[in-house]
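One-letter residues, chain by chain:
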Amino acid sequence: MHYLIQLMIEGIEQGSIYALWALAYALVYQVLGLMNFAFGDALLLSAYLMIALVTTSGLSPWLALAIAIAAAAVVSMLIERQVYARFIGRGQGEAGFIAALACAYILRNIATVMRGNEPQTFPTLFNSSLVSVAGYQLSSGGLIVLGLCVATMVAFALFLRSTKVGRGIVLAGQDRVAAAIVGIPVRKVITIVYGVSGALGLIGAAMFGDLYHGLNSTTGFYITFQAFIAATVGGAGSLLGAVVGGLALGLIESLAVGYVSGNFAQALAWTAMAMIALIRPRGLLGHRVVERV
Amino acid sequence: MSGADVPVLELERLSLAYGETVVVRDVSLKVRAGEVYAVMGPNGAGKTTLLNGIVGMASRVEGRIVFDGEPLERINPQRAAKRRIAYVPQGRQLFPYASGRMNLWSGGYGRRDRGRLEKDIDDFIAAWPVAARVAKRNAEVMSGGEQQVIAIGRGALSKPRLMLIDEPSLGLAPILVQEVFKLIADVASDASHAGAAVVLVEQNVEAALSVADHVCILSGGQVVHQGARGDLTAADIGDMYLH
Ligand SMILES: Nc1ncnc2c1ncn2[C@@H]1O[C@H](COP(=O)(O)OP(=O)(O)O)[C@@H](O)[C@H]1O
Ligand SMILES: [Mg+2]
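We now turn to the structure provided with this report.

**Concerning the interface of chain A and chain B**
Facing 22 residues of chain A, the contacting portion of chain B comprises 25 residues. For the pair chain A and chain B, the summed buried surface comes to about 2,200 Å²; carbon and sulfur atoms form 65% of the total. The largest contributions to the chain A side of the interface with chain B come from Lys164, Ile181 and Val182 of chain A, which together make up 30% of the buried area. Seen at the junction of chain A and chain B, the total is zero salt bridges. Within the residue set of the side of chain A that touches chain B, elements represented by two or more residues are helix 6 (164–174) and helix 7 (176–181) of chain A. When residues in the side of chain A that touches chain B are grouped by element, the largest group, six residues, is from helix 6 of chain A.

Spelled out as structure tokens, the structure:
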């Protein structure tokens, strides 16, 4: 029992990062119905920029993080404006999908040209140590990651709920024609959504890099698929569902590592997620919970 | 600001198309602030297209749309909203997973005096019991009549110069039809902002005549009758539908 709870706490820490990715990913899906398969590689490139700023330019990790957040937002917005908009506007969904995959590789290649193919050590954001809470050995870094991810999601929920732009995003996601009719600048909102998605995702990527002390050139695809799976299983189109899906994925992974083997954790977790999707085809949370504002 | 004698909306020999297909031909009409112009006619006559054309959702192939004394060029729904043209489309097109109150709020999205918006929403909810009943309910679970009150309210909260309403009585219980038409009359005469010009597409002839100042009947995309309300009885209009 003690061991189980220990694993679950670690799973939730891990899951809070996936939840942030899934939320960022689902946001784009909800407003556009577009699978943004360049999502993770836009984050990878920005995270590599952060690494370069710290290791070669000697910036403080936190300043570099702030710049990387802005970079992730800008890269995501550029992809939307310069690439996706050209396909979506013409109703060419499949071609847009291929373009997204091509974008992913282009971004990854830019990252590797910048930093090489070797795994990258990630700058330390928090000095982690083991702390003992009620008999459990927990890493302080993991708890801070959990806290920051939760704080980011709460801030984002408040943004959607209470600001004019946030409400515009939610409403445009529900009905674009209705949004245009009431004067919501749908085109601008879409670009903002990409920017916000990149910024949220990068916070998650930095937490991930900090927790594992490193990233490599395949981390982008990994992020995209973790986000895609968590968002889909949680309930495609539901933001709260994406968060729930991310936490579920983290929990399952942690239990798989603890009771089976680290080698099979990923395979087991994705298989389990596929089975959940089979049982609940509309997602853990159906379609209509979060969109209420 | 234009005086009351300048029409808010003037259509001059307007023809509209979807792609290559011309659907509305040669329609002219004028609506002033505080007036309701009812457009009637059978299904497929081009009524919805006429409203779509005013906000740029159907393309203008000939003629002019003059709004507040200036021709409307390169219009789209978003620019129309900015010019304070409120569109209450057929089927109402509310935000399905947003509450009644949030749907009302969305109508004020483009308003400059947004500081007053919350109070205006409160006033609207206080004035219309149907709106109060569904203020917290998502649009997707509202009845047709409740949706219609919120949809017109959403338009009204933009403080429109011009409101375009498409078939508001469609699928409504008779009691709510009355309520909805009271609301339409109220929007037209709203003293708080000099009233709105209303173009009302409606097949319920009696309900339409209860609020209309002018009437036109479209058939096959063309005007077959046009005039002041008093010119025709409901029975006359019924006959025209048949031809
Ligand atoms: N989006 C569209 N594209 C092409 N034709 C359309 C479109 N919408 C309506 N039409 C056609 O235009 C004509 C008028 O339709 P509409 O304006 O909806 O009529 P009404 O509102 O009077 O019932 C019909 O023949 C209809 O088939
Ligand atoms: Mg129609």
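**Details of the site of ligand 1**
Residues and elements named next belong to chain B. Around ligand 1, the neighbouring residues are Tyr18, Val23, Pro42, Asn43, Gly44, Ala45, Gly46, Lys47, Thr48 and Thr49. Within the backbone of Gly44, a nitrogen or oxygen atom sits 2.8 Å from an oxygen atom of ligand 1. Lys47 has a polar side-chain atom sitting 2.8 Å from an oxygen atom of ligand 1. Coverage of ligand 1 by the protein amounts to 56% of the 560 Å² it exposes when considered alone. Take the shell around ligand 1: its biggest share by element is three residues, from helix 1 (residues 47–54). For the shell around ligand 1, the residue count by class is four nonpolar, five polar and one charged.

**Side note on a positive patch on the surface**
Positive charge collects at one region of the surface, where Lys164 and Lys188 of chain A together with Arg74, Arg79, Lys82, Arg84 and Arg112 of chain B lie side by side. Within the secondary structure, Arg79 of chain B sits in helix 2 (residues 77–82). A relative accessible area of 39% means that Arg79 of chain B is categorised as partly exposed.

**Remarks on the coordination of the magnesium ion (ligand 2)**
Coordination of the magnesium ion (ligand 2) by the protein involves Thr48 of chain B (OG1) and Gln90 of chain B (OE1), with metal-donor separations of 2.0 to 2.4 Å. Of the two residues, Thr48 of chain B is situated in helix 1 and Gln90 of chain B in the loop between strand 6 (85–88) and helix 3 (100–107); the sequence distance between them amounts to 42 residues.

**Regarding the sheet that holds strand 10 (residues 222–228) of chain B**
Note: strands within a sheet are paired through backbone hydrogen bonds, in either parallel or antiparallel orientation. Residue and element names in this part refer to chain B. In space, the six strands of this open sheet follow the order 6-7-8-3-9-10, with mixed pairing throughout. Either end of the sheet is taken by a strand with one partner, and the two such strands are strand 6 and strand 10. Strand-to-strand, the axes of this sheet are offset by a mean angle of 15°, without reference to chain direction. Note that strand 3 (residues 36–40) and strand 8 (residues 197–201) share four bridges and pair parallel. Following the sheet pairing, Tyr37 is matched in strand 8 by Val199. Here helix 1 sits on the sheet in contact with strand 3, strand 6, strand 7 (162–166), strand 8 and strand 9 (214–219), set at roughly 150° to strand 7. Sheet strands touched by helix 7 (residues 174–189): strand 3, strand 7 and strand 8. Its angle to strand 8, the strand with the most contacts, is close to 150°.

**Looking at the pairing of strand 6 of chain B**
All names here are of chain B. The two faces of strand 6 match: Ile85 and Tyr87 on one face and Ala86 and Val88 on the other face are all buried. Bridging between strand 6 and strand 7 involves four bridges; their strand directions are parallel. What sits directly across from Tyr87, in strand 7, is Leu164.

**With respect to a nonpolar patch on the surface**
Among the surface-exposed residues, Tyr3, Tyr259, Val260, Phe264 and Leu268 of chain A lie close enough to one another that they form a single nonpolar patch of about 510 Å² accessible area. By the secondary structure assignment, Tyr3 of chain A is in helix 1 (residues 2–32).

**A few points about unusual backbone geometry**
All names here are of chain B. Positive phi, normally seen in glycine, also occurs at Arg13, with a value near 45°. Tracing the backbone shows Arg13 in strand 1 (residues 9–18). Judged by relative accessible area, which is 54%, Arg13 ranks as exposed. Its identity is not glycine, yet Asp26 carries a phi of approximately 60°, on the positive side. Along the chain, the position of Asp26 falls in strand 2 (residues 21–31). Overall, the relative accessible area of 35% leaves Asp26 in the partly exposed class.

**As for the environment of Met142 of chain B**
Residues and elements named next belong to chain B. On the secondary structure map, Met142 appears in the loop between helix 5 (129–134) and helix 6 (144–156). Look at Met142 and you get buried, because its relative accessible area is 7%. Taking the C-alpha atoms as reference points, Met142 and Gly100, separated by 42 residues in sequence, lie 8.8 Å from one another. Ignoring any residue separated from it by four or fewer positions in sequence, one finds Met142 in contact with Gly100, Val134, Arg137, Gln147 and Ile150.

**Comments concerning helix 3 of chain B**
Most of helix 3 of chain B is tucked away: seven of the eight residues are buried. Turning to helix 3 of chain B, its buried residues number three or more, namely Gly100, Met102, Asn103, Leu104, Trp105, Ser106 and Gly107 of chain B.

**Details of the sheet that holds strand 1 of chain B**
Residues and elements named next belong to chain B. The sheet built from four strands is open, its strands ordered 2-1-4-5 with antiparallel pairing. In this open sheet, the two strands that pair with only one neighbour each are strand 2 and strand 5 (70–71). With two bridges connecting them, strand 4 (residues 59–67) and strand 5 associate as antiparallel partners. In the strand pairing of strand 5, Val66 is matched with Pro71. Here helix 1 sits on the sheet in contact with strand 1, strand 2 and strand 4, set at roughly 110° to strand 1.

**Some points on the pairing of strand 7 of chain B**
Residue and element names in this part refer to chain B. Within strand 7, five of the five residues are buried, leaving the element largely enclosed by the surrounding structure. Taking every second residue as pointing to the same face, both faces of strand 7 are buried, with Leu162, Leu164 and Asp166 on one and Met163 and Ile165 on the other. Alignment of strand 7 against strand 8, held across five bridges, turns out to be parallel. Residue pairing for strand 8: Leu164 is matched across the bridge by Val199.

**Things to note about the pattern of salt bridges**
Proximity of charged atoms lets side chains of opposite charge pair with each other. Residue and element names in this part refer to chain B. Summed over the entire model, instances satisfying the criterion amount to 19 salt bridges over all chains. Measuring nitrogen to oxygen at the nearest pair gives 2.8 Å for the salt bridge that ties Arg13 to Asp26. Taken as a pair, Arg13 in strand 1 and Asp26 in strand 2 lie far apart in primary sequence, 13 residues in all. A salt bridge links Arg111 to Asp120; its shortest N-O distance comes to 2.6 Å. Assigned by exposure class, Arg111 and Asp120 land together as buried. Sharing partners across several salt bridges, the network here consists of Arg111, Asp113, Arg116, Asp120 and Lys159.

Reading the values: the criteria
- Residues numbered from 1 in each chain as written.
- Chains lettered and ligands numbered in written order.
- Predicted model: local features only at pLDDT ≥ 70, side-chain atom pairs only at ≥ 80, totals over all residues.
- Heavy atoms only, no water.
- Contact = heavy atoms within 4.5 Å.
- Buried area = accessible area lost by both parts, 1.4 Å probe.
- Salt bridge = Lys/Arg side-chain N within 4 Å of Asp/Glu carboxyl O.
- Helix = DSSP H or I, 4+ residues; strand = E, 2+ residues; numbered from the N terminus.
- Near = heavy atom within 4 Å.
- Polar contact = N/O pair within 3.5 Å; in protein donor to acceptor, adjacent residues only side chain to side chain.
- Areas by Shrake-Rupley, 256 points an atom, 1.4 Å probe, with all protein chains shown as cover.
- Nonpolar A, V, L, I, M, F, W, Y, C, P; charged D, E, K, R; others polar.
- Patch = residues over 30% accessible without salt bridge, like charges linked within 9 Å, V, L, I, M, F, W, Y side chains within 5 Å.
- Lys, Arg positive; Asp, Glu negative; His and termini not counted.
- Charge placed at Lys NZ, Arg CZ, Asp CG, Glu CD.
- Buried < 20%, exposed > 50% of the residue type's maximum accessible area, 1.4 Å probe, protein only.
- Donors = N, O, S within 2.8 Å, 3.2 Å for Na, K, Ca; no water.
- Pairing = 2+ DSSP bridges.
- Axes fitted to C-alpha atoms, helices over the stretch in contact; angles between N-to-C directions.

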